[in-house]
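Tertiary structure, described
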Amino acid sequence: MSDYKPFSPKQAARFADLHSDLFGDHSQLKAEEFGDGNLNLVFRVKNNRSSSLIVKQALPYARCVGESWPLTLDRARIEAQVLQQHGKICPDHVVEVYHFDQDLAAILMEDLHQYEIARTALIQGKSFPLLAQHIAHYLAQVLFHTSDFVMTGPVKKARQQQFSNPELCLITEDLFFTDPYSNHERNNINPTILPEAQKLWLDTELQAEVAQLKADFLSKPQALLHGDMHSGSIFVNADSTKVIDAEFGFFGPIGFDCGSFIGNLLLCTLAQTGLTKDPATAQSRQTYLKDQIQQFWQGFAAEFSQLMQQETADTSFQNSLYQQRFLQQVWQDSLGYAGCELIRRTVGLAHVADLEKIADPAQKANAETAALTLGRQLILQRTSLGLEQLLDLI
Ligand code: ADP
Ligand code: MG
Ligand code: MG
Ligand code: MG
């Protein structure tokens, strides 16, 4: 990594121009850094004829914390290569990567300026009828096609090494599964709900189930996950949906990606009564979001089942009873990981705008308490809850 240096906007513009023909030879390029993410630099490079590209560059530390939290530059390679792998399988729903430079830890990609970040738009009360269907299609396709149903042993083992991603996985292991269940200094707890958070530190029954979910995260390499499937990693508009930000990708349990997506729709649903003054509006938003959760799981399950039935290469895994059990286990895992997401986004280090944007302190505390309660229920009851019962619980 001897050539590495964080880009100035000018250097980002040169990088974009060097690796793309979009701008032509003598164009006047302008670049600005505008990343609102937690970890990396993101530049938009434009010419004077409204063509534009995105340059995303990793920093040798986590941006949100600073240089005291060093972090591998290799995450840019993981991100570029997961997006490229997933993009080959499902080009409709993955941001296009044009170039990757390992020494500079920099990715040149498509500018999704005609889209909005799903989290921001959902908080503003916007509806996207196709969001859940598109994410269901994306996850069914990329997870199936990188799983043991189709990948032969040696190819899978080589890919697992390519995407072993230990440093970023460790962040998830800590923030998702460990910190919220103890009095950890990284936690970020609203003092009003401190007694609720403290209950988690003593809840050994819950902790046993979270330990199981963590063990599966560590040792169930079912498919090449996106790894950070929250609503801030999804760009959406009325007719199209694109996934970005795959630096946490690795071979892990399929339910982790599905559960992250479901968990973030649940957080938005629980935030509605605090985000919207008018109860009727809040209710119709909740109906829309619950409907998206339903469409997501039904779409994912139908497409994944069809793929298992029609495209499984390994003869052992062509057994239909095995396939039904596999999908049932993915559902249970998804509920468990969704529950973990609800809890860690409420009392852990990284919060979500859905809850943070609730202006009234009492309503914010109510929504946070509801997130902890629902999260606990999902984790503890994941082997007995069906989709209908999940929707009734909210
Ligand atoms: P981080 O890994 O730091 O979270 P993200 O990939 O999530 O970075 O990007 C941070 C922000 O940069 C996004 O929320 C979005 O506003 C912007 N961004 C990232 N990629 C693109 C893109 N391809 N097109 C347009 N904006 C983008
Ligand atoms: Mg050029
Ligand atoms: Mg991000
Ligand atoms: Mg990221």
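Residues numbered from 1 in each chain as written. Chains lettered and ligands numbered in written order. Predicted model: local features only at pLDDT ≥ 70, side-chain atom pairs only at ≥ 80, totals over all residues. Heavy atoms only, no water.

Rule in force here: UniProt positions are given in the numbering used here, feature names are shortened, and annotations may be inferred rather than shown by experiment.
An unreviewed UniProt entry lists the protein chain under the name Methylthioribose kinase, from Rheinheimera marina. Taken verbatim from the UniProt record of the protein chain, the Catalytic activity (unreviewed entry) comment is "5-(methylsulfanyl)-D-ribose + ATP = 5-(methylsulfanyl)-alpha-D-ribose 1-phosphate + ADP + H(+)". Checking UniProt for the protein chain, the heading Function (unreviewed entry) contains the comment "Catalyzes the phosphorylation of methylthioribose into methylthioribose-1-phosphate."

**Details of the overall build of the protein chain**
Short version of the rule: Strands are runs of DSSP state E lasting at least 2 residues, helices are runs of H or I lasting at least 4, and numbering of each runs from the N terminus. Atoms considered for the radius of gyration are the C-alpha atoms alone. The globule rule reads 2.2 Å times the number of residues to the power 0.38. Buried, partly exposed and exposed residues are distinguished by accessible area as a fraction of the type maximum, computed with a 1.4 Å probe on protein chains only: under 20%, between the cut-offs, and over 50%, respectively. Should any heavy atoms of two residues lie within 4.5 Å, those residues are counted as being in contact. Two residue types count as positive, namely Lys and Arg, and two as negative, namely Asp and Glu; His and chain ends fall outside the count. Every charge is mapped onto a representative atom, which is NZ of Lys, CZ of Arg, CG of Asp or CD of Glu.
A tally of helices and strands in the protein chain yields 14 helices and 12 strands. Its C-alpha atoms give the protein chain a radius of gyration of 21 Å, within 12% of the compact-globule value 21 Å for 394 residues. For the C-alpha atoms alone, the extent of the protein chain along its principal axes is close to 60 × 55 × 40 Å. The buried share of the protein chain, reckoned over its 394 residues, is 55%. Look at the contacts in the protein chain between residues 6 or more apart in sequence, and 73% of them connect residues 24 or more apart. Mean positive and mean negative side-chain charge positions of the protein chain (32 and 46 charges, respectively) differ by 3 Å.

**What about the coordination of the magnesium ion (ligand 2)?**
Applied cut-off: Donors, by definition, are the N, O and S atoms found within 2.8 Å of a metal, the threshold being 3.2 Å for Na, K and Ca, and water is not counted, so a site can look incomplete.
Looking at the magnesium ion (ligand 2), one finds its protein donor set to be Asp-17 (O) and Ser-20 (O), positioned 2.3 Å from the metal centre. Judged by relative accessible area, which is 29%, Asp-17 ranks as partly exposed.

**What to know about the coordination of the magnesium ion (ligand 4)**
With distances of 1.8 to 2.3 Å, the protein atoms coordinating the magnesium ion (ligand 4) are Asp-245 (OD), Asp-245 (OD) and Glu-247 (OE). A separation of 3.5 Å is found between the magnesium ion (ligand 4) and the magnesium ion (ligand 3), which share Asp-245 as a coordinating residue. Glu-247 shares its class with Asp-245; the two are buried.

**A closer look at the site of ligand 1**
Cut-off, in case you're wondering: One heavy atom within 4 Å of a molecule or strand makes the whole residue count as near it. What qualifies as a polar contact is a pair of N or O atoms within 3.5 Å, subject to a donor-acceptor requirement within protein and to the restriction that residues adjacent in sequence count only when both atoms come from side chains. Reported accessibility uses the Shrake-Rupley method at a 1.4 Å probe radius. Residues are deemed covered only where the shown protein chains occlude them. The residue classification treats Ala, Val, Leu, Ile, Met, Phe, Trp, Tyr, Cys and Pro as nonpolar and Asp, Glu, Lys and Arg as charged. All others, Gly included, are polar. Residue ranges for the domains trace back to a domain assignment, done automatically or taken from a database.
Taken together, 20 residues are adjacent to ligand 1, and Asp-36, Asn-40, Lys-56, Glu-110 and Glu-247 come closest. The side chain of Asp-36 places a nitrogen or oxygen atom 2.7 Å from an oxygen atom of ligand 1. Contacts to ligand 1 include Glu-247, whose side-chain N or O atom sits 2.7 Å from an oxygen atom. Contact with the protein chains hides 92% of the accessible area of ligand 1, taken as 550 Å² for the molecule alone. Per-class residue counts for the shell around ligand 1 are 10 nonpolar, 3 polar and 7 charged. Taken domain by domain, the makeup of the shell around ligand 1 includes at least three residues from each of domain 1 (9-110) and domain 2 (116-393).

**Things to note about the UniProt feature "binding site: substrate" (unreviewed entry) in the protein chain**
Mapped onto this numbering, the UniProt entry gives "binding site: substrate" (unreviewed entry) at Asp-228 and Arg-344. Spanning 117 residues, the annotated positions come together in the fold, the maximum distance between their C-alpha atoms being 13.5 Å. Aside from chain neighbours lying at most four places away, what touches Asp-228 is Ser-233, Asp-245, Phe-248 and Asp-257. Of note, Arg-344 is situated in helix H11 (residues 320-347). Of the residues examined, Arg-344 reaches a relative accessible area of 9% and is grouped as buried.

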